[in-house]
Amino acid sequence: MYDVVLLTLSSERDAPGGCGSGGACCGGATGTDTAVKGADAGTATDAGTDPGGTPGDADRCATDRPRVPVLACADALTARGARVQTVTARSDAEIDAVLAQLDGPARPDGLTWPDSDGKTRLVVATASDAQLRAVLRRLVRRYAPPPSRRPADLRGDRTLPDLPPVAVLPLDPARGGTHRDLAAQLGLPRDPAAVAAAVLDGTPRRLDLLRNDGGSVTLDGALLGAADDAGRPLHWRARVEVDDAILTDGDEPLLACAIGNAGGYASLDDVTLLAAPDPADGQVEVAVAVPVVVRSAFGRKRVRLEVRRARGRAVSVLPREGKVPYLDDGVEGELTRKRSWWIEPGAWAVWVV
């Protein structure tokens with residue numbers, strides 16, 4: 001039978017020096033940039049900061065009260081004979097201590113590697129996509145080898161091995177409704193007993209992962225841009241490239257840029273940005289919204305929104321002026337310099353029935 005770890009991320013109020021206190025915040029690291037409202041920051045109920053110029057992200061989390069779903073899932077697992085451990089992590093170090101239980105046997109090359117045949121399974125209880133991302137970011141940091149020690153058995157199109165599958169236990173049922181979190185987009189169970197069944201009886205569903213040169217990861221997507229106090233989109237400029245395609249060279253104004261692994265940022269208000277983002281197709285879909293002035297037959301000017309899209313393995317965004325606010329998996333930040341994302345096909349996985 002399996003050993004199952006039920007991992008919950010604590011809020012910053014749980015412990016001094018823990019989440020949100022400057023050193024680490026449930027998977028984050030501090031940086032020089034300050035969080036601001038992104039283009040749709042109102043949809044993120046527990047957003048944190050993601051520094052634009054230093055590695056890491058300060059993912060804020062808000063799981064500081066007893067959670068009935070966690071207890072119910074533990075009971076369902078125990079009833080099936082699983083050995084259950086519940087952990088509330090207040091820092092990166094405490095997350096890492098849990099993830100160490102997923103390590104495989106020692107390798108001749110000395111690399112830390114996940115156990116592909118392990119009997120320990122991980123359930124992440126999430127109040128937001130940012131919390132799930134915090135755990136995946138620590139998995140990447142644990143198992144991704146440095147370029148100088150790349151092993152021969154690593155896939156040629158990847159920079160890290162297959163990460164251990166995780167089960168997702170959503171703590172907020174409302175997120176399966178009008179606000180579709182990643183669990184809802186993937187069709188994952190929300191009932192604790194169903195999550196327990198997926199852990200014990202299910203199979204891994206492998207999904208793509210976006211890594212970026214800021215030291216973090218993206219599971220769902222990112223939306224760059226901002227609005228004023230009246231909700232009107234603000235213009236900004238950046239060079240956006242997808243593989244060899246240039247969506248904009250940075251000389252024209254933009255209203256938004258969406259980088260999609262899944263579909264959480266596919267639309268902005270009533271405008272469709274991403275056509276068909278797929279978290280398992282090995283590509284990232286990118287769209288920019290450009291206001292274009294056109295003249296009618298009578299010479300009158302009007303502005304229409306032009307959406308340009310491209311798909312590929314990597315995307316880069318180079319701001320041309322100032323700071324560009326963004327949301328990445330619900331976490332707020334500001335982009336102050338070039339940022340690149342690249343796809344890791346099938347790098348992470350969720351347990352499904």
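Up top you'll find the structure we're talking about.
Residues numbered from 1 in each chain as written. Predicted model: local features only at pLDDT ≥ 70, side-chain atom pairs only at ≥ 80, totals over all residues. Heavy atoms only, no water.

Enquirer: Whenever I open this one, the overall build of the protein confuses me. Can you help?
Expert: If you tally the helices and strands in the protein, you get 5 helices and 19 strands. Looking at the protein residue by residue over its 353 residues, the buried ones come to 54%. By sequence separation, contacts in the protein at least 24 residues apart represent 71% of the contacts at least 6 residues apart. Carbon and sulfur atoms make up 50% of the accessible area of the protein, which amounts to about 15,000 Å² in all. (Helix = DSSP H or I, 4+ residues; strand = E, 2+ residues; numbered from the N terminus. Buried < 20%, exposed > 50% of the residue type's maximum accessible area, 1.4 Å probe, protein only. Contact = heavy atoms within 4.5 Å. Areas by Shrake-Rupley, 256 points an atom, 1.4 Å probe, with all protein chains shown as cover.)

Enquirer: What's the story with the layout of surface pockets in this structure? I'm lost.
Expert: With a probe scaled to a water molecule rolled over the atoms, the places where space remains empty come into view. Estimates place the volume of the second largest pocket at around 410 Å³. Going through the elements one at a time, β4 (120–126) and β6 (203–212) are the ones with two or more residues in the lining of the second largest pocket. Examining the composition of the lining of the second largest pocket, we find that 3 residues originate from one element, β4, more than from any other. Across the lining of the second largest pocket, the residue classes break down as 11 nonpolar, 4 polar and 6 charged. (1 Å grid on protein atoms, 1.4 Å probe; cavity = no way out; pocket = protein on both sides within 12 Å on 5 of 7 lines; lining within 4 Å. Points joined across faces, edges and corners; volume = space filled by probe spheres on them. Nonpolar A, V, L, I, M, F, W, Y, C, P; charged D, E, K, R; others polar.)

Enquirer: Would you mind going over the pairing of β6 with me for this structure?
Expert: Each regular strand shows side chains that alternate between the opposite faces of the sheet. Pairing between β6 and strand β19 (residues 339–352): 9 bridges, direction antiparallel. Looking across to β19, one finds that T203 is bridged to V352. With antiparallel pairing between neighbouring strands as the criterion, β6 and strand β7 (residues 217–218) make up a hairpin whose turn holds 4 residues, including G215 at a positive phi of roughly 95 degrees. (Pairing = 2+ DSSP bridges.)

Enquirer: Sorry, what's going on with unusual backbone geometry here?
Expert: Negative phi is the rule for most residues except glycine; trans is the rule for most peptide bonds. In this model, D243 sits at a positive phi of 50 degrees, which is unusual for a non-glycine residue. The backbone of D269 shows a phi angle near 55 degrees, a positive value even though the residue is not glycine. Summarising the element assignment, D269 is placed in the loop between β12 (267–268) and β13 (271–272).

Enquirer: For this particular structure, what's the right way to read the pairing of strand β9 (residues 238–242)?
Expert: Every second residue of β9 is oriented toward a common face, the buried set being A238, V240 and V242 and the non-buried set R239 and E241. Inspection of the sheet shows β9 paired to strand β16 (residues 314–319) by 5 bridges, in the antiparallel sense. Looking at β16, one finds that V240 is bridged to V317. Where β9 meets strand β10 (residues 245–249), 4 bridges bridge the pair, whose relative direction is antiparallel. Residue R239 lies in a different strand from β10, and its bridge partner there is D249. The antiparallel pairing of β9 with β10 creates a hairpin that spans 2 residues between the two strands, and D243 there sits at a positive phi of about 50 degrees.

Enquirer: Could you clarify how one ought to interpret helix α5 (residues 192–201) in this entry?
Expert: A turn of α-helix holds 3.6 residues, and therefore any two residues three or four places apart point the same way. Within the sequence span of α5, burial applies to P192, V195, A196, A198, V199 and L200. Where α5 is buried, its residues contact β1 (3–9), α1 (68–79), β4, β5 (166–170) and β19.

Enquirer: Honestly, the packing of aromatic side chains in this entry has me stumped. Any pointers?
Expert: Two aromatic rings, taken as a pair, are described by how far apart their centres are and by the angle between their planes. This structure, assessed with the given rule, holds 0 aromatic pairs. Stacked on the ring of Y2, the Lys or Arg R121 has its end atom at 3.9 Å from the ring centre. Directly above the aromatic system of W351 lies the positively charged group of R121, at a separation of 3.8 Å from the ring centroid. (Phe/Tyr/Trp six-rings, centres within 6.5 Å; stacked < 30°, edge-to-face > 60°. Lys NZ or Arg CZ within 6 Å of the ring centre and 35° of its normal.)

Enquirer: Which parts of the structure should I look at to understand the pattern of salt bridges?
Expert: Think of it this way: side chains of opposite charge can pair up when their charged atoms draw near. Tallied over the entire structure, the rule returns 23 salt bridges. The salt bridge partner of R158 is D162, with a shortest N-O separation of 2.5 Å. D162 sits in the partly exposed class, given a relative accessible area of 39%. Through salt bridges with shared partners, one network takes in D92, D96, R137 and R138. (Salt bridge = Lys/Arg side-chain N within 4 Å of Asp/Glu carboxyl O.)

Enquirer: What is the right way to look at the environment of V331 in this model?
Expert: As for its position among the elements, V331 is in strand β18 (residues 331–335). In this structure the C-alpha to C-alpha distance between V331 and S128, which are 203 residues apart in sequence, comes to 9.7 Å.

Enquirer: What am I meant to see in the packing of α1 against α5 here?
Expert: Pairs of packed helices are described in terms of their axes, by the angle between the two and the distance that separates them. Where α1 contacts α5, the two axes come as close as 8 Å, and the packing angle between them is 45 degrees. Regarding the angle of α1 to α5, the classification is oblique. In this structure, α1 crosses over α5, and the sense of that crossing is right-handed. Residues P69, A72, C73, A76 and L77 of α1 touch α5, and the partners they reach there are P192, A193, V195, A196, V199 and L200. Along the lines of polarity and charge, the residues of the contact of α1 with α5 split into 11 nonpolar, no polar and no charged. (Axes fitted to C-alpha atoms, helices over the stretch in contact; angles between N-to-C directions. Parallel < 35°, antiparallel > 145°, perpendicular 65-115°, else oblique. Left-handed = near helix turned anticlockwise from the far one by under 90°.)

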